Amino acid sequence: MRQDHLISATQLSRADIEAVLDRAAEIDADPGAWEGRRRGEILGLCFFEPSTRTRMSFDTAMKRLGGQTIDMGSVESSSVKKGETLADTMRVVEGYADALVLRHPLEGSAKMATEFVDVPLVNAGDGAGQHPTQTLLDLYTMRENAGLDDVTVGIMGDLKYGRTVHSLASALTNFDIRQHFVSPESLQLPRSVRYDLHESGAQVREHTELGEVLPDLDVLYVTRIQRERFPDENEYLKVAGEYQIDTDDLEAAKDSLTVMHPLPRVDEIAPEVDETTHAKYFEQAHNGVPVRMALLDMLLENAQTDTTGGDE
Ligand code: NCD
């Protein structure tokens, strides 16, 4: 992979994705062998929005590679509270770290931040924009459970504001995958994502009822309605609680169906589904560590090659 920053899944070719997933699989097979890889290097964690999995798995990943992390902490406890701009914060933290991870509520913020830093920067979610490292771990989980070619995938829930959906949908166009999108009409894919899918020649269908497509699916990717992104709470209340699945619904599915969710879930997947062989969302969350280890190792390796003038 030859990328300086990872901002959007649209940057990733099939070869890039496979390189990260293959390295993650090597790490998974023998995690101890990677312990000293990034010794002496520091990852800066800048989260301007809540996070559990993404922040903690980046933290774990860097430490498992032998590196260290520094964390800006909450917005409340940082200088952001005093009115510091994103540009200044990133310029300062760049001086402390060898790579940066940024999560921010505004779409486009990660792209903007790359204008102020030279160290590799990873977008860990920019508003309703993109979340490309979630996509890499989603693809890893999908590859392990259902494969990535000749597969039918359903993506359900908040397709409008869900950044994990936007990144995943574009990455899936690199593979022989039929994509079905299931949502209320008010939460369908944004025009820009739909346009990109269309341009890539992807096989895409949109539905309002899961039942129309469930029996055909190999993977069902369920998402949370992104309450915090609705400009009007009443609009959220109109769709809250729709698009839930339980074990009765799954009777219509293939025995081999893989159910995924980026988490956190609210009420989209009934807890009883956790006990079925379909449920892969906790495994998916755990895959965040080897996948982020692989990605960080590759980005830091590239950065080192760039500064030492080594092979391209
Ligand atoms: C997702 C996010 O932040 O976009 N969470 C995550 O990183 N696993 C999904 C969500 O918040 O619904």
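Quantities reported herein were computed from a predicted structural model and do not represent experimental measurements.

A. View of the site of the ligand. Within the structure, the ligand sits among Arg53, Thr54, Arg103, His131, Gln134, Arg163, Thr164, Arg224, Gln226, Pro262, Leu263 and Pro264. In this structure, Gln134 approaches the ligand through a side-chain N or O atom, which is 3.1 Å from a nitrogen atom. Within the backbone of Leu263, an N or O atom sits 3.0 Å from a nitrogen atom of the ligand. Surface burial for the ligand is 94%, taken as the share of its 320 Å² of free accessible area covered by protein chains. Every element with two or more residues in the shell around the ligand is listed here: α2 (53-64) and α6 (163-172). For the shell around the ligand, the per-class residue count stands at three nonpolar, five polar and four charged.

B. Main features of the sheet that holds strand β9 (residues 258-260). A sheet is described by the order of its strands in space; here five strands give the open sequence β7-β6-β5-β8-β9, paired in parallel fashion. Edge strands, defined here as strands with exactly one partner in the open sheet, are β7 (203-207) and β9. On average, adjacent strands in this sheet sit at an angle of 20° to one another, irrespective of strand direction. The pairing of strand β6 (residues 177-182) with β7 spans five bridges and is parallel. Counterpart to Arg178 in the pairing with β7 is Gln203. Lying over the sheet, α6 contacts β5 (151-156), β6 and β8 (219-222), oriented at roughly 155° with respect to β6.

C. A negative patch on the surface, seen in detail. Negative charge collects at one region of the surface, where Asp248, Asp249, Glu251 and Glu272 lie side by side. Summarising the element assignment, Glu251 is placed in the loop between α8 (233-239) and β9. Residue classification places Glu251 among the exposed residues on the basis of a relative accessible area of 66%.

D. Representation of the pattern of salt bridges within the structure. Throughout the structure, instances matching the rule amount to 21 salt bridges. With a closest N to O distance of 3.0 Å, Glu18 and Arg14 form a salt bridge. Note that Glu18 and Arg14 are positioned in helix α1 (residues 14-29) at a spacing of four residues, about one turn of the helix.

What counts and how
Residues numbered from 1 in each chain as written. Predicted model: local features only at pLDDT ≥ 70, side-chain atom pairs only at ≥ 80, totals over all residues. Heavy atoms only, no water. Near = heavy atom within 4 Å. Polar contact = N/O pair within 3.5 Å; in protein donor to acceptor, adjacent residues only side chain to side chain. Areas by Shrake-Rupley, 256 points an atom, 1.4 Å probe, with all protein chains shown as cover. Helix = DSSP H or I, 4+ residues; strand = E, 2+ residues; numbered from the N terminus. Nonpolar A, V, L, I, M, F, W, Y, C, P; charged D, E, K, R; others polar. Pairing = 2+ DSSP bridges. Axes fitted to C-alpha atoms, helices over the stretch in contact; angles between N-to-C directions. Contact = heavy atoms within 4.5 Å. Patch = residues over 30% accessible without salt bridge, like charges linked within 9 Å, V, L, I, M, F, W, Y side chains within 5 Å. Salt bridge = Lys/Arg side-chain N within 4 Å of Asp/Glu carboxyl O. Lys, Arg positive; Asp, Glu negative; His and termini not counted. Charge placed at Lys NZ, Arg CZ, Asp CG, Glu CD. Buried < 20%, exposed > 50% of the residue type's maximum accessible area, 1.4 Å probe, protein only.

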